Amino acid sequence: MRALLPGLSPEHLALVEGTAGCSPYLRGLCQGEADWLGEAMDGPEAAFEALLAQAAASPPDQVNQSLRKAKRRIALLTALADLSGVWTLEDVTTRLSRFADLAVSCALRAALAVEVRRGKLPGVSAGDELLDAGGMVVLAMGKMGAGELNYSSDIDLICLFDETRFSKDDYDEARGAFVRTTRKMSATLNDRTAEGYVFRTDLRLRPDPSVTPVCMAMARAESYYESLGRTWERAAYIKARAAAGDIAAGERFLKVLTPFVWRRHLDFAAIEDAHNMRLRIRAHKNIGREISLPGHNMKLGRGGIREIEFFTQTQQLISGGRDPDLRVRGTVEGLSRLADKGWVPDIVADRLSDNYRFHRMVEHRLQMVHDAQTQELPGNGDGFARLAAMMDRTQADLEEELLDRLTGVHGQIEGFFKPDDDHTVLEGVASAELDQTLIARWNSYPALRSDRAAQIFERLKPDILSRLAVSVDPKAALLAFDGFLSGLPAGVQLLSMFEARPQLIDLLVDIVGTAPGLAQYLSRNARVLEAVIAGHFFTPWPGEVALRSELDGHLNAESDYENRLNTTRAWTKEWHFRIGVHHLRGLIGAAEAGRQYADLAGAVVGALWPKVLEAFALKYGPPPGRGAVVVAMGSLGAAKLNASSDLDLIVIYDASSDEVSEGPRSLAARTYYARATQALITALTVPMSEGRLYEVDMRLRPSGNQGPVATSWAAFQAYQQDEAWVWEHLALTRARVVAGPEALAADVEAFRVGLLSRKGNRGRVLSGVADMRTRIGQAKVPQNSWDTKLGAGRMQDIELMAQAAALIAASPCRDVVASLAAGRADGVLGEMDAQVLKAAYELCWTITQVARLLGGRALEVDKLGQGGLTMLLRETGQDSVAALQTLLDERVGAAAKVIDAAVEKYEGESDGT
């Protein structure tokens, strides 16, 4: 070695000779790179940067050779700087990760260039710079993603492409090109040649690797994680980083996955999942034995590197959804953040960090010997002597330190990950009416898999069962509770809340015993109970304006359109659940519940419409003309919805026929607003990971389903003035603008009010009502005697009469009761007649609200549980079902007579217009 390196200083020569004596692999590198080594050792930082620059500048056809040359030299330089203590562990792992990034980028660019030259990548021509890799991104996972690569590490990669860059016709060709590119890139890095290899490359962390291509569309990957992603994949994405290719697209993809990785609330179920993963790894690798140094795996064995990583990542998964500061990739940095935020004691974080760094140093030296991806300690004394020399310790001291550190880590980690062996079923607590077989299976549910959850539940179970047993319908309540419990994804946080606040058990039993639909929702969204505890659940109703402002804030915090839609869904369902619980518990009545449901829907449409247009404008430019308003019709227009109402909407835009949008793809005004309206419908109705918002009905627009989905302001005025049928003028009595420019909204409302004053001829209107009643009666048959919507004297019939009263009286009011009052004042209805209709309508509405909350359409009294019947009677003020049936029959019968009398003399005279 002295002869090969005559110019080295004594210190450098001693380092090289010691290194060569410990590692056959490094001895060979010293011999092969002797001409370069001397100058590199005088300035290792500059030498490293020069190697990166040289590799980055190599032409695509020389990437194989240039990367292998750089790998040999970086391996040697890194080892010497590490062993001498010139570079810290973090210096070493960071530089190895930087080289890996460069190597992947160079290999990707070279492989992609082949596809471009062959004309196989749509939209890209030979000579293009490919700065964004044509939409393909390589995600670095694991230690590479965290910037923590070890000395002889393989690299875990996930390759994706942005499918939105390609048309439907070009998609398959682009995917094929990216798959071939990935394989060539992997071969460039992975294949061993006479000049060595660059990095062993593993592509198996992608979704379902046994059946998916090595490079897949981002949308397909997103769909997988949303529907099938597992806890270990969430943990893997803590370290994920866009390392090569279209970095911007990769970062967007990772942002989309934020809700998958980081749950919004405390996620204690991650503890049990991580523990089970540890056990599977031990069983698969046969490394579950007690700690014994010879052959012990420093990575996967007890007390090893992976244990510390699991601990850190699991703590991050538990708390990172609530605290974004914990969302860091590095293990040591993660432990530091956890300690700073109080999630982990300082002493624990310090000890684990120190042990982690020591374990990684041992790992590096094990790998330096033969450039092997190994983490196993030597199996004999000679191997330990070599390792001790590389660690600058005596063999005895090293063995003692290793045993102490491994044992210490194992003890600390096992105290956090506890096996769930206790599935004791509590006996003798429930009433004999409760199904013991069903109760016995509860411990198998996901919510009770962790020790902590099972232990808390065992303490709570007697109280829960006793409350279920004394409920009005124990069997039905137990089945509903079973459905709730089986649907819970995690239990620790919720059960801890029940233990601290027993009144929540009363609420839960009330929900499952009365409204199974609400119980099912609660099992999927148990976090809403946090609001109950915090007290916000019972604050006064904020109203539509405040709700819209709150939703606007949430949407403005999201830049991705799909995230905005999912955020809207989650937010809406929480408020929707609150209304249902308040109604269920008698905190609000049917009328107030109707107003609150309408406030919520109005806030959603009002907040979403600008976001829909914002996303639409990215492709087609800003809205032409004065913009467009969304007009609520029907029950939403009247600000009175039930728990399962759909939304009747129309869109009116103000732009001339020759105006076009100014964007990347211009559209004529009519087409622009038609497509924007369809985008709004999709935003409200499409099922997503957070479900759907509302069903939408656009049939009240001019010409119904035969007309365009968006109507121009000029056409709307002309149609309503000259062509509209009576029923369309009746519908307009409840129209209300809920979104869009204020100026256009004011014009629409002014036109509506003026039109009502011109179209309210009593004979024309009432003859039209008579005709409509006949048509409705022939087309729609009541489901049963409890159908409060269809039939003479019931809700639809009374609403029709109220609209007629408002139109004849030229009243701008939209509410049924107010419209009936307007008709009374104008002489359309007598004082007593208006009271009869009001009483019938309010009873029908109350029954309807109860039926919708309990999960049905028309009420089926014989299928209601006792809890549902109790709510129904409480809401209607009756003491029996028979009394309620009698009251309903009396009121709808009286209402039918009033309406019959009002329209009788005009029946058969309507021409419909």
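Scroll up to find the structure this text is about.
Reading guide: rules and limits
Residues numbered from 1 in each chain as written. Predicted model: local features only at pLDDT ≥ 70, side-chain atom pairs only at ≥ 80, totals over all residues. Heavy atoms only, no water. Helix = DSSP H or I, 4+ residues; strand = E, 2+ residues; numbered from the N terminus. Buried < 20%, exposed > 50% of the residue type's maximum accessible area, 1.4 Å probe, protein only. Contact = heavy atoms within 4.5 Å. Expected span 1.5 Å × (residues − 1). Salt bridge = Lys/Arg side-chain N within 4 Å of Asp/Glu carboxyl O. Lys, Arg positive; Asp, Glu negative; His and termini not counted. Polar contact = N/O pair within 3.5 Å; in protein donor to acceptor, adjacent residues only side chain to side chain. Disulfide = S-S within 2.5 Å. Phe/Tyr/Trp six-rings, centres within 6.5 Å; stacked < 30°, edge-to-face > 60°. Lys NZ or Arg CZ within 6 Å of the ring centre and 35° of its normal.

> Run through the environment of Trp 609, naming residues and quoting values.
Assignment of secondary structure puts Trp 609 in helix α28 (residues 590-620). With a relative accessible area of 1%, Trp 609 lands in the buried category. Along the primary structure Trp 609 and Asp 552 are separated by 57 residues, whereas in three dimensions their C-alpha atoms are 11 Å apart. In this structure, Trp 609 is in contact with Ala 628, Val 630, Val 651, Ala 676, Leu 680, Ala 739 and Gly 740, ignoring residues within four places of it in sequence.

> Give a description of helix α6 (residues 89-117) that names residues and reports values.
Compared with the 42 Å implied by 1.5 Å per residue over 29 residues, the 42 Å span of α6 between its first and last C-alpha is a close match. With 21 of 29 residues buried, α6 lies mostly within the body of the structure.

> If you had to explain the pattern of salt bridges to someone new, which residues and values would you point to?
All chains considered together, the criterion is met by 46 salt bridges. Notably, a salt bridge pairs Asp 246 with Arg 165, separated by 3.3 Å at the nearest N-O pair. Highlighted residues: Asp 246 in the loop between β5 (241-245) and α11 (247-256) and Arg 165 in the loop between β2 (155-161) and α8 (171-190), separated in sequence by 81 residues. Residues Arg 230 and Glu 233 are paired through a salt bridge, measuring 3.5 Å at the closest nitrogen-oxygen approach. Take Arg 230: its relative accessible area is 41%, and that puts it in the partly exposed class. Residues joined by salt bridges that share partners form a network here, namely Glu 115, Arg 118, Arg 180 and Lys 184.

> Describe the side chain of Arg 200, and please don't skip the residues or the numbers.
When you line up the elements, Arg 200 lands in the loop between α8 and β3 (201-202). Despite its burial, Arg 200 pairs with no opposite charge, the nearest such side chain being Asp 371 at 5.1 Å. At a separation of 2.9 Å, a polar atom in the side chain of Arg 200 contacts the side chain of Tyr 197. Excluding anything up to four places from it in sequence, Arg 200 contacts Ser 152, Ser 153, Asp 154, Ile 155, Asn 190, Arg 192, Asp 371, Ala 372 and Gln 373.

> Explain the state of the cysteines to me, and be specific about the residues and the numbers.
Covalent bonding between the sulfur atoms of two cysteines defines a disulfide. In the structure shown here, the tally under the stated rule is zero disulfides. Between Cys 106, a free cysteine, and Cys 159, which holds the nearest cysteine sulfur, the sulfur-to-sulfur gap is 15 Å. For Cys 159, which is in no disulfide, the shortest distance to another cysteine sulfur is to Cys 215 and amounts to 5.6 Å.

> Now, about the packing of aromatic side chains: what can you tell me, with residues and values included?
Inspection of every chain in the model, using the stated rule, returns 20 aromatic pairs. Both rings, one in Phe 716 and one in Phe 751, keep their centres 6.0 Å apart while their planes meet at 65°; by these two values the pair is edge-to-face. Highlighted residues: Phe 716 in helix α31 (residues 713-722) and Phe 751 in helix α33 (residues 742-758), separated in sequence by 35 residues. No difference in accessibility class separates Phe 716 from Phe 751, as the two residues are buried. Here the aromatic residues Tyr 224, Tyr 225, Tyr 237, Phe 253 and Phe 260 are joined through ring pairs into a cluster of three or more. Looking at Arg 95, its charged tip hangs above the ring of Phe 48, at a distance of 5.7 Å from the centre. A cation over a ring is seen here: Arg 95 above Trp 87, with NZ or CZ 4.1 Å from the ring centre.

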